[in-house]
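Here is what each chain is made of, one letter per residue.
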Amino acid sequence: MPQQPIALSILIIDENRLRAAVIEDGLRDAGYTQLTVVNDVVGIARKIADTSPDVIVIDLENPNRDMLESMFQLSRAVRRPIAMFVDRSDQASIEAAVEAGVSAYVVDGLKRERVKPIVDMAISRFNAFARMARELEDARSQLESRKLVDRAKGILMSTRGLSEADAYALLRKTAMNQNRKISEIAESLITAAGLLAPPEE
Amino acid sequence: MSVRSSYEIVAGFMPLLDSAILIAAKEKGFADAEGVDLRLIRETSWASIRDRLAVGHFQVAHHLAPMPLAANLSLTPLAAKTIVPIALGLGGNAITVSNALWVQMAHRGATADLEPIAAGKALRATVAQRRNDWPLLKFAVVHPFSGHNYELRYWLAASGIVPDRDIEIVFVPPPLMADALAAGSIDGYCVGEPWSTAAATAGVGHIATVKAAIWRSSPEKVLGVAATWAEREPDALAALLRALCRAAQWCGEADNHRELAQILAGPAYIAQPAEWMLRGLSGALDLGGGDIRHVDDFFVPFAKGATFPWKSHALWFYSQMVRWHQVPHTPENAAIARETYRPDIYRSALKPIGIALPAANAKVEGGLVAPTPVGSAGASLTLGPDGFFDGALFDPDMLDAYIESQRH
């Protein structure tokens, strides 16, 4: 069921373009149509004056947050005062936002009921993005360690005449005895084999 | 004898020279020796440090000294009650201007010896000769509640320049200051090291004066501590304070500066060249173009009671918050500022290790023209010189009169 467009202007400030796009999509799906994404804070005062946002969503790690916070209080570019969205009755959601790495600033007088869904959406999208990034990283390192183990097995098979299964068993046993990861044992073995190999002709 | 780590403490810090005491406490084993497993997390903004202290990610953090006052006065978002049981040194900032502005100031009497009176007069004359239709000169500081903001404004005002009317003051993160200066988007800035050295070394700016010349031996960073945690874990806090005090002592020894500079330059810490760190640590500043000048007491980590949380420091910062219309002056607000600093905790934690403990909790600021031995328990203590460049005094017992004298 298509939702009614919601008449709130939202500015998303995030140096991570991919994450900014993920948040933008989420908000658009939820019925927000007046969305502006900024990846770079150069000229931000002008952007704020032009879009006159009701809500500003920004990543917590952004080094320009001190500048932005003081600008929200002082600048002539901002027609209405903007304050960080802090719902004091809801400590859990404050923690969730900081945990997720996102903060929201809202103009003076905007009701919490109207802001809360935006903040919740930003939190869930930030978390989803972090999970995606972690999974990607895990997949990458799994692939990397499988390659290492394969190479180490090959070395053991050719130098010690072991079968593939025995070579793997030896690697695993060594890892368990030394309380290390099998990929670390494989890596040391490959390094050692490289050092001990006869110089190439 | 080694003590098993029994206190886990997470501390946030910003990559600045004056995070040295926290970093040395961890890297040189002072925290370990007190049974503190100290985890340091580098942050990208003071806002982030404030937020993570508020939600309990950090128990303690490197803070701009006025930040805990602002938090307790409810002037900032996500303000959790924060106390200051120790300072992280004195001094360490400089005011740097663009090469173009320096040429104009030098032409009007500014001298390359960091003398703030001549530099201030020259800047005033430069401002006065600008045409009305030109934009105002723009100076940057790092945060509205910072020593940088107040010392820049103090220097300008005492030089006859009205901040916000004659000069615009904007906010820029420290690592971006030198680039902003080079790009011409600002004309000058006041910042902690190594970010003035960054501009001077790159040849894009000239150091005009320093915090140590505007107000010698003046307060800068402190350890902000979540009040709820401090109440719950007094032993952990006391152990950390002992570790920090010993670390500060180590940081203050000239023989250790080279090693400290190497540690600070590391990728997990400030991640900038060790030579840059050495400038601020030794006080031998490159003002620009290789003109090296030695500054007495540029950054003081330990000597002169540099870690003591003087209530007169808290009240001076409060007076400047009032002066620049950040907070109204009321007896209640002054009391909140005074109670934010906790020399009582400092004393009880450090008494057992024989560190010099001053007899008083507050002092008249700016009154010492020479190093002066003062009453203390434990080791002997010498304070000063500590003058303001305009010869003014700040007597914390005459707070109302001081605030009144600065109204205009």
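Peer 1: What exactly am I supposed to notice about the overall build of chain A here?
Peer 2: If you tally the helices and strands in chain A, you get seven helices and five strands. When the helices and strands of chain A are placed in sequence order, the string is β-α-β-α-β-α-β-α-β-α-α-α. Relative to the globule expectation of 17 Å for 201 residues, the C-alpha radius of gyration of chain A, 26 Å, shows a markedly less compact shape. In terms of principal-axis extent, the alpha carbons of chain A reach across some 75 × 40 × 30 Å. Per-residue burial over chain A gives 30% buried out of 201 residues. In chain A, the proportion of contacts linking residues at least 24 apart, taken out of those at least 6 apart, comes to 64%.

Peer 1: Would you mind going over the domain arrangement of chain B with me for this structure?
Peer 2: All names here are of chain B. Parsing chain B into structural domains produces domain 1 (7-90 + 219-269 + 301-358) and domain 2 (93-214). Placing the centre of domain 1 and that of domain 2 at their C-alpha centroids yields a distance of 27 Å. The interface of domain 1 with domain 2 comprises 16 residues on the first partner and 13 residues on the second.

Peer 1: So what exactly am I meant to see when it comes to the environment of S183(A) here?
Peer 2: All names here are of chain A. Residue placement: S183 occurs in helix α7 (residues 182-196). Classification of S183 by C-beta neighbours within 10 Å gives partly exposed; the count is 19. Residues S183 and V149 lie 34 residues apart in sequence; the distance between their C-alpha atoms is 6.0 Å.

Peer 1: I tried to follow the sheet that holds strand β3 (residues 60-64) of chain B on my own but got confused; where do I start?
Peer 2: The strands that make up a sheet pair up through hydrogen bonds in the backbone, lying either parallel or antiparallel. Residues and elements named next belong to chain B. If you walk across this open sheet you meet the five strands as β2-β1-β3-β11-β4, and the pairing is mixed. Where the open sheet ends on each side, the last strands, each with one partner, are β2 (36-42) and β4 (82-87). The average undirected angle you get between the axes of adjacent strands in this sheet is 35 degrees. Sheet analysis places strand β1 (residues 7-13) next to β2, joined by seven bridges and oriented parallel. Along β2, the bridge assignment pairs A11 with L40.

Peer 1: What exactly am I supposed to notice about the sheet that holds strand β2 (residues 32-38) of chain A here?
Peer 2: All names here are of chain A. The strand order across the open sheet built from five strands is β2-β1-β3-β5-β4, with neighbouring strands paired in mixed fashion. With one partner strand each, in any of the chains shown, β2 and β4 (82-84) form the two edges of the open sheet. The average angle at which neighbouring strand axes cross in this sheet is 25 degrees, direction not considered. Pairing geometry for strand β1 (residues 6-13) and β2, over six bridges, is parallel. Residue pairing across strands places I6 opposite Y32, the latter belonging to β2. Set on the sheet, helix α1 (residues 17-29) makes contact with β1, β2 and β3 (55-59); between it and β2 the angle comes to about 170 degrees.

Peer 1: How should I be thinking about the domain arrangement of chain A in this particular structure?
Peer 2: Many analyses report the size of an interface as the accessible area lost when the parts associate. As assigned here, chain A comprises domain 1 (6-134) and domain 2 (139-196). For domain 1 of chain A versus domain 2 of chain A, the separation of C-alpha centres amounts to 48 Å.

Peer 1: What should I look at first to understand the nonpolar core in this one?
Peer 2: Here is a general trend for soluble globular proteins: nonpolar side chains tend to be buried in one another's company. Judged by nonpolar contacts, the single largest core of 183 residues is most densely connected at M177(B) and L244(B). Here the element with the most residues in this core is helix α12 (residues 234-252) of chain B; it accounts for 13 residues. Counting residues in each nonpolar core, the second largest holds nine residues, with L148(A), V149(A), I185(A) and L189(A) among its members.

Peer 1: How should I be thinking about the confidence of the model for chain B in this particular structure?
Peer 2: It should be kept in mind that the predicted coordinates are not to be read in detail where pLDDT is low. Residues of chain B with pLDDT of at least 70 account for 99%, and the chain-wide mean is 96. Scored by ipTM, the complex comes to 0.88, with pTM at 0.88.

Definitions and limits used
- Residues numbered from 1 in each chain as written.
- Chains lettered and ligands numbered in written order.
- Predicted model: local features only at pLDDT ≥ 70, side-chain atom pairs only at ≥ 80, totals over all residues.
- Helix = DSSP H or I, 4+ residues; strand = E, 2+ residues; numbered from the N terminus.
- Rg over C-alpha atoms; globule rule 2.2 N^0.38 Å.
- Buried ≥ 20, exposed ≤ 12 C-beta atoms within 10 Å, placed from the backbone.
- Contact = placed C-beta atoms within 7 Å.
- Domains from an automatic or database assignment.
- Pairing = 2+ DSSP bridges.
- Axes fitted to C-alpha atoms, helices over the stretch in contact; angles between N-to-C directions.
- Core = buried A, V, L, I, M, F, W, Y, C linked by C-beta atoms within 7 Å.
- pLDDT = per-residue confidence, 0-100.

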